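Structural overview
These are the residues of each chain, in order.
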There are 4 protein chains.
Amino acid sequence: MSGQPPAIRSAPKLTHAGALAMIGAAVAHAEAIGAPVNVVIVDESGVDLAMARMDGAKFLSIETARSKAQTSASHRRPTPKIPQDIAAGLAFASHGRITQMAGGLPIVFDGHCIGGIGIGSASDDDDVAIAKAALAAIGAATEF
Amino acid sequence: MSGQPPAIRSAPKLTHAGALAMIGAAVAHAEAIGAPVNVVIVDESGVDLAMARMDGAKFLSIETARSKAQTSASHRRPTPKIPQDIAAGLAFASHGRITQMAGGLPIVFDGHCIGGIGIGSASDDDDVAIAKAALAAIGAATEF
Amino acid sequence: MSGQPPAIRSAPKLTHAGALAMIGAAVAHAEAIGAPVNVVIVDESGVDLAMARMDGAKFLSIETARSKAQTSASHRRPTPKIPQDIAAGLAFASHGRITQMAGGLPIVFDGHCIGGIGIGSASDDDDVAIAKAALAAIGAATEF
Amino acid sequence: MSGQPPAIRSAPKLTHAGALAMIGAAVAHAEAIGAPVNVVIVDESGVDLAMARMDGAKFLSIETARSKAQTSASHRRPTPKIPQDIAAGLAFASHGRITQMAGGLPIVFDGHCIGGIGIGSASDDDDVAIAKAALAAIGAATEF
């Protein structure tokens, strides 16, 4: 069928080995700086791949960490880069899933976004540092 | 029983052929301008008629596109025409379904609103241009 | 880092061109046999790629069609092949998402499951025939 | 104040180190037997402590694995020991959270139940074997 666009494309995916290496690195970094957090890692469609709640982390921050991970995976950017002027509108219209809260970073290899990581429960700076430690552990991009 | 108001009225409805023609035109326009989006088309009751998520579109924008389509179908106006001073209240009270985000347009024939279209993932201008391309494809109004 | 398992793997994905070709073929087949249906196509993580509700289709069958598509994508098999003896337990424990209702088929290329299609509103046989017409349109497997 | 019952009691809790050791052991066992699964570990209140979805695991089984973990933590017994004659009623009344599906085991130390583990996506026997491997890794009870 000449002229018909292809029904299939090839794309990279994060393995469970990669996701668990990210969890391990995030927890190790969080322990080193004394900042207990929740870590959520999602795939390129926003579905959970791995999560961990550390001793002392705020349990409601599991949900905000997941929203951060999903936002970064969907929008392929750090959560604070969601446009300021429409952040509230996006949050409402997505039933809270799109967030501007710091702590969400996309997982990017060779320019391809293959998921997102969200950290929640500590300060903005600590959340971001922990997320970057996880990304560095698998050789993903850490600057955006 | 003269004097009793009629129990039935006639109203135009969008066919699935019309909804799929809109999807096709929206996707073609989005491909032409290089802006991958989600397209959601709802009927006059706000229920899904058709949707498409393009390669590279933000998956969380499926939800915002649906809110845009529902808002336009319900309020029979482009989403940015929701009153600014009560937008947050409307969003809360509708569980996020009423949105002021650009990209939602009513589907209007001969002055009758028969549904709504919502586009999400690109810039405001691109979202609106893609929605108008879909409306033009079936001869619906494109100015409001 | 010798010995560390890879963080990335490559996998095929369904394009929006492929998903829309499936929608078109499903609707054409449904029109030909006079069986209006809902069609839902999801990706390999169960997230919507495309959907259509035909004139006369049951609107609540949008939801059952989505559950069928998600079940087939997740379990990589036709929905009736969910084990009979635990079907009710699976439905409960997945909050209704895992279903044994006929009309859900996996989208399989070269042995890789890249999503699922669910058809809902007609008879079991018609739902399955429509799903197979959609799979055939893109050259995906039609026997399981 | 003699006679007044104590307001505080001491109870053992699973640490995040313990939960992650369980995840690691479960994944290692699943890899060894070639059975990709979802693993969910919850605390004594049924709230997520850690989870992992392996490459090739059924994504809808994340939800059933969570229901298994919650049922075992709540009822302090393996999921198949939920009474057969009231299983459906329990599932309805708990919104699907109480399940009789095999693959859920309580995490018990010195007779204290401190959480639950749920495994989903493989056969009943494999799910249970993987759960037991996780329990053995931290010295928890493996017979009930």
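Details of the structure are given in the entry above.
Summary of the structure given here. (Residues numbered from 1 in each chain as written. Chains lettered and ligands numbered in written order. Predicted model: local features only at pLDDT ≥ 70, side-chain atom pairs only at ≥ 80, totals over all residues. Heavy atoms only, no water.)

**Some thoughts on the packing of helix 1 (residues 16-33) of chain C against helix 4 (residues 124-137) of chain C**
All names here are of chain C. Interaxial distance between helix 1 and helix 4 falls to 8 Å at its minimum, and their mutual angle equals 140°. Between helix 1 and helix 4, the crossing angle belongs to the class labelled oblique. Judged by the sense of rotation from one axis to the other, the crossing of helix 1 with helix 4 is right-handed. On helix 4, the residues that touch A21, M22, A25, A26, H29, A30 and I33 of helix 1 are D126, A129, I130, A133, A134, L135 and A137. (Axes fitted to C-alpha atoms, helices over the stretch in contact; angles between N-to-C directions. Helix = DSSP H or I, 4+ residues; strand = E, 2+ residues; numbered from the N terminus. Parallel < 35°, antiparallel > 145°, perpendicular 65-115°, else oblique. Left-handed = near helix turned anticlockwise from the far one by under 90°. Contact = heavy atoms within 4.5 Å.)

**With respect to the relation of the copies chain A and chain C**
Superposition of chain A onto chain C requires a rotation of 180° combined with a translation of 0.0 Å along the rotation axis, giving an RMSD of 0.0 Å. A rotation of that kind, with that shift, is consistent with a two-fold axis. When C-alpha distances to the rotation axis are compared across chain A, the minimum falls at A11(A), with a value of 2.7 Å. Comparing interface residues between copies, 100% of those in chain A also sit at the interface in chain C, which points to an isologous, same-surface contact. (Least-squares fit on C-alpha atoms with pLDDT ≥ 70 in both.)

**A closer look at the packing of aromatic side chains**
Summed over all chains, the structure comprises two aromatic pairs over all chains. Their ring planes at 80° and their centres at 4.8 Å tell us that F92(A) and F92(B) sit as a pair that is edge-to-face. Taken together, the residues span two chains, with F92(A) in helix 3 (residues 87-93) and F92(B) in helix 3 (residues 87-93). (Phe/Tyr/Trp six-rings, centres within 6.5 Å; stacked < 30°, edge-to-face > 60°.)

**Structural notes on the packing of helix 1 (residues 16-33) of chain B against helix 1 of chain C**
Two elements in contact, helix 1 of chain B and helix 1 of chain C, have axes whose closest approach is 12 Å; the angle formed by their N-to-C orientations is 165°. Put simply, helix 1 of chain B runs roughly antiparallel to helix 1 of chain C. In this structure, helix 1 of chain B meets helix 1 of chain C at a crossing whose hand is left-handed. Counted together, H16(B), L20(B), I23(B), V27(B) and E31(B) of helix 1 of chain B and H16(C), L20(C), I23(C), V27(C) and E31(C) of helix 1 of chain C form the full contact between these two elements. Taken together, the residues that form the contact of helix 1 of chain B with helix 1 of chain C break down as six nonpolar, two polar and two charged. (Nonpolar A, V, L, I, M, F, W, Y, C, P; charged D, E, K, R; others polar.)

**Re the interface of chain A and chain C**
It is common to give the size of an interface as the accessible area lost on bringing the parts into contact. Each partner contributes residues to the interface: chain A has 23 residues there, and chain C has 23 residues. The contact between chain A and chain C buries some 1800 Å² in all, and 58% of this surface belongs to carbon and sulfur atoms. The tally of links between chain A and chain C comes to two salt bridges. In this structure, E44(A) and K13(C) form a salt bridge, with 3.0 Å as the shortest nitrogen-oxygen distance. On inspection of chain A and its partner chain C, the count reaches 12 residue pairs in polar contact (both at pLDDT 80 or more). For the side of chain A that touches chain C, the elements supplying multiple residues, two or more each, are strand 1 (8-14) and helix 1 (16-33) of chain A. For the side of chain A that touches chain C, the element with the highest residue contribution is strand 1 of chain A, accounting for seven residues. The residue makeup of the side of chain A that touches chain C, split by class, is 14 nonpolar, five polar and four charged. As paired strands, strand 1 of chain A and strand 1 (residues 8-14) of chain C are joined by seven bridges and run antiparallel to one another. Paired with R9(A) across the two strands is K13(C), which belongs to strand 1 of chain C. (Buried area = accessible area lost by both parts, 1.4 Å probe. Salt bridge = Lys/Arg side-chain N within 4 Å of Asp/Glu carboxyl O. Polar contact = N/O pair within 3.5 Å; in protein donor to acceptor, adjacent residues only side chain to side chain. Pairing = 2+ DSSP bridges.)

**Some words on the nonpolar core**
Ranked by internal contacts, the top residues of the largest apolar core, which has 44 residues, are V40(A), V40(B), V40(C) and V40(D). Once residues within four sequence positions are removed from consideration, V40(B) is found in contact with D48(B), A50(B), M51(B), I62(B), A65(B), R66(B), A69(B), G116(B), I117(B) and G118(B). I23(C), V27(C), V37(C) and L135(C) belong to the second largest nonpolar core, which has 28 residues in total. (Core = buried A, V, L, I, M, F, W, Y, C linked by side-chain atoms within 4.5 Å. Buried < 20%, exposed > 50% of the residue type's maximum accessible area, 1.4 Å probe, protein only.)

**Focus: the sheet that holds strand 2 (residues 38-43) of chain A**
Spatially, the eight strands line up as an open sheet ordered 4(A)-5(A)-2(A)-3(A)-2(D)-1(D)-4(D)-3(D), and their pairing is antiparallel. Both edges of this open sheet fall to strand 4 (104-109) of chain A together with strand 3 (104-109) of chain D, since each of them pairs with a single strand only. Within this sheet the neighbouring strands show an average axis-to-axis angle of 20°, counted without direction. With respect to the sheet, helix 4 (residues 124-137) of chain D is in contact with strand 3 and strand 4 (112-120) of chain D, its orientation differing from that of strand 4 of chain D by roughly 140°.

**Topic: the relation of the copies chain C and chain D**
When chain C is fitted onto chain D, the two copies agree to an RMSD of 0.3 Å after a turn of 90° and an axial shift of 0.2 Å. Such a turn and shift between the copies fits a four-fold axis. Take the interface residues of chain C: only 11% of them recur as interface residues in chain D, which is what a contact between different surfaces looks like.

**Concerning helix 1 of chain B**
A rise of 1.5 Å per residue sets the reference length of helix 1 of chain B, with its 18 residues, at 26 Å; its end C-alpha atoms lie 26 Å apart and thus fit the reference within 8%. Buried within helix 1 of chain B are the following residues: H16(B), G18(B), A19(B), M22(B), I23(B), A25(B), A26(B), V27(B) and A30(B). (Expected span 1.5 Å × (residues − 1).)

**Notes on the sheet that holds strand 2 (residues 38-43) of chain C**
The strands that make up a sheet are held in pairs by hydrogen bonds between backbone atoms, and each pair lies either parallel or antiparallel. The antiparallel open sheet is built from eight strands, whose spatial order is 3(B)-4(B)-1(B)-2(B)-3(C)-2(C)-5(C)-4(C). Edge strands, defined here as strands with exactly one partner in the open sheet, are strand 3 (104-109) of chain B together with strand 4 (104-109) of chain C. The sheet shows a mean angle of 20° between the axes of neighbouring strands, taken without regard to direction. Bridge count between strand 1 (residues 38-42) of chain B and strand 4 (residues 112-120) of chain B: five bridges; the pairing is antiparallel.

**Overview of unusual backbone geometry**
The phi dihedral of D110(C) falls on the positive side, at around 50°, and the residue is not glycine. Within the element layout of this structure, D110(C) appears in the loop between strand 4 and strand 5 (112-120). The backbone of S121(D) shows a phi angle near 130°, a positive value even though the residue is not glycine. Checked against the element boundaries, S121(D) lands in the loop between strand 4 and helix 4. The exposure class assigned to S121(D) is buried, which follows from its relative accessible area of 12%.

**Quick word on the pattern of salt bridges**
Pairing between side chains of opposite charge can happen when the charged atoms of each approach one another. All names here are of chain B. Counted by the stated rule, this structure contains 26 salt bridges over all chains. We note a salt bridge from R66 to D48, for which the minimum N-O separation is 2.7 Å. Here D48 lies in strand 2 (residues 48-53) and R66 lies in helix 2 (residues 61-75), a separation of 18 residues in the sequence. The same class applies to R66 and to D48, which are both buried.

**Comments concerning the interface of chain C and chain D**
Listed by partner, the interface residues are 19 residues for chain C and 18 residues for chain D. With both chains or domains summed, chain C and chain D bury close to 1500 Å², and 64% of this area falls on carbon and sulfur atoms. Linking chain C with chain D are two salt bridges, by the criterion used here. The residue R97(C) makes a salt bridge to E63(D) at a minimum N-O spacing of 2.2 Å.

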